[in-house]
Amino acid sequence: MKGNAASFSFIFPSPQRKRLSDSLAVPPFPLQSHFTNMFLWGEDRHQGFRWKNASNIPAGDRVRFLKLSFQVSDLSAGQSVVAFIKTTGEASVIRTDAAGRVGKQKFVGGEMEAVGCGDDAVITLLSQSGEVFCVDTMKTPFILRPLGALSNIPVTQVACGNQHTVVLTKGGQVYTWTRDSSPRTVRTLAAMPLVQVAAGGDQSFVLSVSGGVFSWGRNDCGQLGLGDKTDRNTPTPVRFLNMKKTVHISCGQKHTAVLTKDGAVFTFGSGRFGQLGHNSVGDELRPRLVAELWGVKVCRIACGRHHTLVLTDSRKVFSFGCGEQGQLGHGEESHPSVPLPVQLPQDTTNGFIIQNIYAGANCSFATCSTHQDKGSSCTENNVTQFDSIENMTDKWASQCDSKSWAKIKQDIHRMVSSAAWMNRSFLNRSKDKHFQTSPNSCGLDLSLTQRVFEKLVKTDAVSSEVEAAVLKLLQSLDEEPVGLEGLRIFLILTELLYAIQKQKEQQNMKLAEAMAAAVQRLSAESLQIIGDWWSSLQPSTMIRHVQAWKNVLSRLLSVVPVPSAVWPSVQNVLRILQNMHNANKDKKKIPEATFGAEINQQFLVEDLRLWRATIVNKGEPLLLSSFPFVMDLKSKRMVFDTNASWTMSEHQAPRYMAPYGFVPVLNPYFELNLKRASLLEGTFMQLGAAQHSSFKKPLVVYFDGDTKVTDVYKRDFFHHLFPDLMSAELGMFMFNDNGTLAWFSSNVTEESRKRIYLFGVLCGLALYNQSMVYLPFPLVLFKKLLGVEPTLQDMMEFSTDYGRVLQSYLTYEDDVLENLEQPFSFPWDGKEVDLDPQNPAKTVTGQNKKEYVDACVNHAFNTSVESSFQEFQRGFFQVCERRLVQLFQPEELQGVLAGRDQYDWAKFKRNTVYEPEFHLHHPTIQMFWEVFDELTEDQKKDFLCKCRPKF
């Protein structure tokens, strides 16, 4: 759309990029479809449209009818000037002097497309090639002067206020200037996909492709729609219009009107003359629906100085506001504050269809024809139709070796380097979803984005040009985009990053590092919005984005030591992943393990050294202190085991003792001399007598006097001890109904509590010494070790039946619960527990049902076992370093300590590695697998546990 917005008048374009306008020469020719016919009412000085004997049709109630001998594509009216452009591209001006004398039409230039008029008598013209010209109508003869500052920048729209001009360029940039200043770009709008600029009085507006409205300038009457009367120096989102599907904006002197795609009209600003249409003369500081138009669908709006016009889908014109000059067309000078129909001359209405309306200063216009233009639908909006991005990229990819490659390169750089172009090219136009852009919805079609970028990067030449253009784009981004739509670019570019990684094994890291730096320049609020958008995407898309940044991180950390110049990029990428990780915490749409990457082991070792040095303030680790979630299970286990190995060595090393110097450690191992016949009793006795510092040494187990040091005895020890520990006879644990899961008993003696402490020590020793154990506890045990609160899901795991009962309480209607009269208590560990002792008569109701369920879960997994769990936890962390245990997620900790219930034995067989003299078809190996395949599931697990190699 090539657009124009005059002072007080912003003209809604026709669907075919034509603006019907006024003409001067009106010979009495017969009406023909290629002529423009117009109704005109308002200030008498605009009668210059009839300076020739144009029509013998009477003026009627101050609304006059003009027959025009040519068609007009654009028109704008200011305080003392009217300018219009014919469909031939000829631009003409009518000037009115201070005495009200209307001058003759004067030709000012050809090949024009749009025009805007301000109150300073300067008109701004836009040529068909996108060049901007100015004409000072106070100086004669009228001279067309090019605006040199924009000579190499194609422009698509112009709009004029009292003393200022706003233009929109083909690249999506906005420039503004006054008579005494040069054009300057509005940088904060650089990433916004804009479709309209508007101006009036001393205020300016822009409209985005998804209906976002932004305003700045004078606001003494609330004409910016921001809810106050404070002027704004920079574009500010009109949040009250969010998701209203705004498609057009028109401005008066101190009021503004907006039109939605659904045909609703909102107005705000000065209501002194009733120009807001709310049946009042009060100001409105925020957009208010013109309720008096309820039931009709409006398809055009136009604002004059102090009045407003609307055109309905039935092609009726309504007006409201100031009518002192007859600009309302109501037959009398009035100030109606509600929309009333314009009284058109009766002799002219038959056979004519109103096509468009215009308002400027104190006059009004309505163009008409004898037929309705095809496509002139009220449902059409002000969104410029763009070429299909897929068709365009297909052309780029298919013609990169042709003679047109030079032109394609120019197109790629012009378009892809524009954040505005990128942001509007991948909108989700299905059912107008992009109009629903909000902090919770980005309005993008990322499946389209994925397809397009996959095509682009397949051709090296195109891919290189795209990467170069994106680097230029990133340099142009403002640190704080003014609206939500400006943030879309970061999701779009992540798709590009993933497509490049998928296509090329070796990527240039320059693009990824520049993207990461641009993201980190954003405010916390913008990062929150991007995170919320990302977490609202399909899980497959979320995983794709995480993988893209994990790949970047792995590449950056592949060289050890990491060069100092790369450290900022590493930290930027980590913060991006952290933002995603935080956004996924609540919804948990993708598994936690998705964020884990296999980190370079040399880097992890160095990071661990720094982490250990923090104890004496000698270093600052990176991953272990702030970003443990980016480590996969293998990396976490390597860090934990490496730290355990170093700690063991420290406790084996000679100690300095004055005055003797370094003294060797008497026993470098933590030894347990046990008898198989009394394994449990011997273990408890020797653990209870041991010094706590001994737990940090390597564990060595001897059986029945055999002093041979072997890992087999150690694994055998854990393998046979833990089933005995889980015996109900010890009184430490309770079991669920089917006896498959254990939990701490709420009825423990002091002796049992001591044993629970030693049970915690044994679990810690198993993890510390890289051994798995039989530990039939629910996940909640590992959650509590990591400080994660239990939930109803934990109750469902431990006791499915009781968990379902509690779940049903949450779904019951209030009256059902009242009829049940369920006491505020529940049975647990053989007792009926009153959950609110202060109110024994309390029952479960619709108001307290969640409180009841939470209380049940809390009692089962917290309150009833508080002392027992504290002892278990104390024993466990007596051995293991708490901060490194917290690297694990609950499921991971359960897996490394107790193993997993399900084993893929076929995969185990495929991945088995043999000594050089053996192979899969060796007779001994074949015999081994025959015996192994005949083992039961438990026997296979038993074998695996005994033969488990070191990590």
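Everything below is about the structure shown above.
What you see is a predicted model; the values in this text were computed from it and never measured.

1. Digging into the overall build of the protein chain
Next, step 1: Looking only at helices and strands, the protein chain has 28 helices and 38 strands in total.
Next, step 2: Here the protein chain, with 951 residues, has 56% of them falling under the buried criterion.
Next, step 3: The long-range share in the protein chain, meaning contacts at least 24 apart out of those at least 6 apart in sequence, stands at 63%.
Next, step 4: Here the protein chain has roughly 41600 Å² of accessible surface; of this, 49% comes from carbon and sulfur atoms.

2. Description of unusual backbone geometry
Next, step 1: Along the chain, Thr140 connects to Pro141 via a cis peptide bond; the corresponding omega equals 0°.
Next, step 2: Mapped onto the secondary structure, Pro141 falls in the loop between strand S11 (132-136) and strand S12 (145-146).
Next, step 3: Cis geometry is found at the peptide bond from Val560 to Pro561, where omega equals 0°.
Next, step 4: Along the chain, Pro561 turns up in the loop between helix H10 (539-556) and helix H11 (567-587).
Next, step 5: A positive phi is found at Asn279, a non-glycine position, where the angle reads about 60°.
Next, step 6: Within the fold, Asn279 resides in the loop between strand S23 (265-269) and strand S24 (284-289).

3. Observations concerning the pattern of salt bridges
Next, step 1: Tallied over the entire structure, the rule returns 35 salt bridges.
Next, step 2: Among the ionic pairs, Lys86 bridges to Glu90, the shortest N-O distance being 3.6 Å.
Next, step 3: Among the residues examined, Lys86 registers a relative accessible area of 15% and is labelled buried.
Next, step 4: Its salt-bridge partner being Glu851, residue Lys842 comes within 3.1 Å of it at the nearest N-O pair.
Next, step 5: What emerges from the salt-bridge pattern is a single network uniting Asp202, Arg218, Asp220 and Lys254.

4. What about the packing of helix H3 (residues 405-416) against helix H6 (residues 460-476)?
Next, step 1: Between H3 and H6, the shortest axis-to-axis distance is 8 Å and the interhelical angle comes to 30°. In this structure, the crossing between H3 and H6 has a hand that is right-handed. Contacts between H3 and H6 involve Trp405, Lys409, Ile412, His413 and Val416 on the former and, on the latter, Ala461, Val462, Glu465, Val466, Ala468, Ala469, Val470 and Leu473.
Next, step 2: A breakdown of the residues in the contact of H3 with H6 according to their chemical character gives 10 nonpolar, one polar and two charged.

Thresholds applied
Residues numbered from 1 in each chain as written. Predicted model: local features only at pLDDT ≥ 70, side-chain atom pairs only at ≥ 80, totals over all residues. Heavy atoms only, no water. Helix = DSSP H or I, 4+ residues; strand = E, 2+ residues; numbered from the N terminus. Buried < 20%, exposed > 50% of the residue type's maximum accessible area, 1.4 Å probe, protein only. Contact = heavy atoms within 4.5 Å. Areas by Shrake-Rupley, 256 points an atom, 1.4 Å probe, with all protein chains shown as cover. Salt bridge = Lys/Arg side-chain N within 4 Å of Asp/Glu carboxyl O. Axes fitted to C-alpha atoms, helices over the stretch in contact; angles between N-to-C directions. Left-handed = near helix turned anticlockwise from the far one by under 90°. Nonpolar A, V, L, I, M, F, W, Y, C, P; charged D, E, K, R; others polar.

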